[in-house]
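Examining the three-dimensional arrangement
This is what each chain is made of:
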Amino acid sequence: MKMSILKTSDARAVHKEVSEIIRRYIITKKARENFSLNLLGDAKDILAMHEKILKYSRIDNAVIDKIRENLNSFELKKAGDFFVNRTVIVPDDVAYERYIWIKKYCDLMVSNNNNEGFDEKQHLIIANSDTPVEEILPEFFIINFAANKETIKKIYDIYSLLWDCNIETNTNVDTEKLKEISDIIAYINKKCEINTEEISRKKALIKNFKYIIEQHKEKINSEILKDVEKRGMKIDVKELLMKNLQSISQIPEVSQIINASVENHIAEIVNDFNISKAKIVSVFEKDYPVQTDENEINKFLDETNREILETEYEYKVKAAKKLIKFEFIECLCENIYSLDEILGIVKFMKDNNAVMPKISNTLLFKGAKNLLISNSVDVSYSLGGDLERRKIAMLTGANSGGKTTLLKTILHIQILAQSGIPVCAEYCEFPVVNEIYFLSKHTGTLSAGAFESTLKAIAKILISGNKKIVLMDELEAITEPGAAAKMISAIFEILTENDNFAVIVTHLSDEILKYVSKDVRVDGIEATGLDENLNLIVDRQPKFNKIGKSTPELIVERLYRLNAADDKRTEKAEGEIYKRIFEKMKKQV
């Protein structure tokens, strides 16, 4: 709707500037990039926007700050590719074709009598033609959740805060379900690996098991030597030979020491890592020096790895069956982006003491600020209504006095108000219009072709019978003053024939007033003199029914007095020129 109401490129440029100001209050990247003020053509839609903003503005500031804090780094991430260490075995070629798409994520093969041809270290799934996909490849359902678990946690926190404030949202959100989802995926990383306490412990054990066993082996051998020495045992080589013993470990006393030390360390490993003794009872060879059995170690690692894969698989299947469709999370994210926009508008409203404008057939504002000028002077203005019934105004006055700024302030307020957004003023009323026109000031005289195209654009404005606001800045710049005055007076006359709101800035008020009716109001912004530093003193509040005093003579006076105050007087001739021009202009005034 916005671009159909904004009829000129100049108006659209100002709309872009105002949208950018609001955009700075929006936190999430997506909402910020997509935001643009949407001008509404129906009063019902504007009032609905008012109601929404006011609803959220009633939330305590501390709660709003917490919600906005959750919006930092809020984004829905795209899950990366994954491949799981799993072989899915299906009964026949029909089932194979049905599930062939999962080959991107795991191995798939048709069953044979011995199920040969797969890696024994892989997790094996025997599937039927009707086995649910969540039981074959649960990762497919949970990968997006896993990639966005921080975001889902933020969604839960944000909706919980809104729920606590009794704020109803467009989506019926079950916060308990969100909490359950958040808890389920808390132990799933971005690679779809499960990191529960039990699984993490087993993974750490697998990673360090060989080192752990090696350390214990060294301790066992050290303990055996110390125990033999402590007991004062002496090994008689002759006795070993006579008894045909291959190792000192076959000596009963030594064997007892070895067995005791090995048993103690196995018990210690079992206790430290909470594993079954039966699984590691044979990892040490009870000889001297004690060695490790690599086959037994690898057997333990393979068994533990299969346990991890099976436990992970079971966790994932349960998670996949409990999780809702991810599309719902995507929908909630879109709602969060919309919430970010609304809270950004609320933040803008509170930071600028903005007020909600009232819909009427009057354009009226009091104590308004220009959004693009820091420390701008508050101004009040009206077209139509009880204060001043006329809706068409000629704005006159001082150069650099604020005429263009006032035009843009009117445009800022109308754009914000018709978007349903609070305006930076103490009070405001505005009309809902179908068209907004803004023609900015041209520099220099236009060529004949450019002048013709400008006239055609103005003709389209005047032909339109729709309710509109027309803002024009110094149209006289497009042609010579005499012709410009007659052209602008004709524009005023046509504008007064319909229910239009218009402000035209001009320096040709004396000439134009010869041709226009009393339905056109003349407003003036005046420069009243020079201050002690020879800066212009301008009253930027326009006066109704008064021609604004122009400033060329004040500017000439400033240059003349500055030159006269210059002790060096390096430009005496220049100063004389200023003096003569100033005296001539004083006589005319």
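The structure reproduced in this document is the subject of the present report.

Cut-off values and rules
Residues numbered from 1 in each chain as written. Predicted model: local features only at pLDDT ≥ 70, side-chain atom pairs only at ≥ 80, totals over all residues. Heavy atoms only, no water. Helix = DSSP H or I, 4+ residues; strand = E, 2+ residues; numbered from the N terminus. Rg over C-alpha atoms; globule rule 2.2 N^0.38 Å. Buried < 20%, exposed > 50% of the residue type's maximum accessible area, 1.4 Å probe, protein only. Contact = heavy atoms within 4.5 Å. Areas by Shrake-Rupley, 256 points an atom, 1.4 Å probe, with all protein chains shown as cover. Lys, Arg positive; Asp, Glu negative; His and termini not counted. Charge placed at Lys NZ, Arg CZ, Asp CG, Glu CD. Pairing = 2+ DSSP bridges. Axes fitted to C-alpha atoms, helices over the stretch in contact; angles between N-to-C directions. Parallel < 35°, antiparallel > 145°, perpendicular 65-115°, else oblique. Left-handed = near helix turned anticlockwise from the far one by under 90°. Nonpolar A, V, L, I, M, F, W, Y, C, P; charged D, E, K, R; others polar. Expected span 1.5 Å × (residues − 1). 1 Å grid on protein atoms, 1.4 Å probe; cavity = no way out; pocket = protein on both sides within 12 Å on 5 of 7 lines; lining within 4 Å. Points joined across faces, edges and corners; volume = space filled by probe spheres on them.

1. What to know about the overall build of the protein
- Counting secondary structure elements, the protein contains 22 helices and 15 strands.
- For the protein, whose C-alpha radius of gyration is 42 Å, the value lies well above the compact-globule estimate of 25 Å for 589 residues.
- For the C-alpha atoms alone, the extent of the protein along its principal axes is close to 145 × 70 × 50 Å.
- Each of the 589 residues in the protein was classed as buried or not, and the buried ones make up 46%.
- Long-range contacts, defined as pairs at least 24 residues apart, comprise 74% of the intrachain contacts of the protein with a sequence gap of at least 6.
- Approximately 31,000 Å² of the protein is accessible, and the part contributed by carbon and sulfur atoms is 48%.
- Averaged over its 85 positive side-chain charges, the protein has a centre that lies 6 Å from the centre of its 92 negative ones.

2. Considerations on the sheet that holds strand β6 (residues 358-359)
- Read across the open sheet, the 4 strands follow the order β6-β10-β7-β8; overall the sheet is mixed. Strands with a single pairing partner mark the edges of an open sheet, and in this sheet they are β6 and β8 (379-383).
- With 2 bridges joining them, β6 and strand β10 (residues 427-430) adopt parallel strand pairing. Its bridge partner lying in β10, K358 is registered against E429.
- Along the sheet, helix α17 (residues 403-418) contacts β7 (363-368), β8 and β10; its crossing angle with β7, the most-contacted strand, is approximately 110°.

3. Details of the side chain of T28
- By the element assignment, T28 lies in the loop between α2 (9-23) and α3 (29-34).
- Apart from the residues within four sequence positions on either side, T28 is in contact with L71, F74, Y337 and D340.

4. A closer look at the pairing of strand β9 (residues 392-397)
- For β9, a buried count of 6 out of 6 residues is recorded, marking the element as mostly surrounded by other parts of the structure.
- Burial along β9 is two-sided: the residues I392, M394 and T396 and A393, L395 and G397 are all buried.
- Relative to strand β13 (residues 501-505), β9 runs parallel, the two being bridged by 4 bridges. Each bridged residue has a counterpart across the sheet, and for A393 the counterpart in β13 is V503.
- One ladder, built from 6 bridges, connects β9 with strand β14 (residues 520-530); its direction is parallel. Across the sheet, the residue bridging to L395 is D523, located in β14.

5. A look at the packing of helix α5 (residues 61-71) against helix α9 (residues 149-164)
- Axis separation between α5 and α9 bottoms out at 9 Å; the angle between their running directions is 165°. By the angle class used here, α5 and α9 are roughly antiparallel. Judged by the twist between their axes, the crossing of α5 over α9 is left-handed. Across from V63, K66, I67, E69, N70 and L71 in α5, the residues of α9 making contact are K154, D157, I158, L161 and L162.
- Class assignment of the residues belonging to the contact of α5 with α9 gives a composition of 6 nonpolar, 1 polar and 4 charged.

6. Concerning α17
- With 16 residues, α17 extends 23 Å between its outermost C-alpha atoms, agreeing within 8% with the 22 Å of an ideal straight helix rising 1.5 Å per residue.
- Burial analysis of α17 places 13 of its 16 residues in the buried class, which makes it a mostly covered element.
- One or two residues past the end of α17 sits G420, with phi positive at roughly 80°.

7. Considering the side chain of S19
- Inspection of the secondary structure puts S19 in helix α2.
- Among the residues examined, S19 registers a relative accessible area of 2% and is labelled buried.
- Residue contacts for S19: discarding those within four places in its chain leaves F35, S36 and L37.

8. Structural notes on the layout of surface pockets
- As a volume, the second largest pocket reaches approximately 290 Å³.
- Together, 18 residues line the second largest pocket, and F82, F140, F141, I143 and N144 are the ones closest to its centre.
- Contributions of two or more residues to the lining of the second largest pocket are made by α8 (139-147) and α15 (294-322).
- Looking at which element gives the most residues to the lining of the second largest pocket, the answer is α8, with 5 residues.
- A per-class count over the lining of the second largest pocket returns 11 nonpolar, 2 polar and 5 charged.

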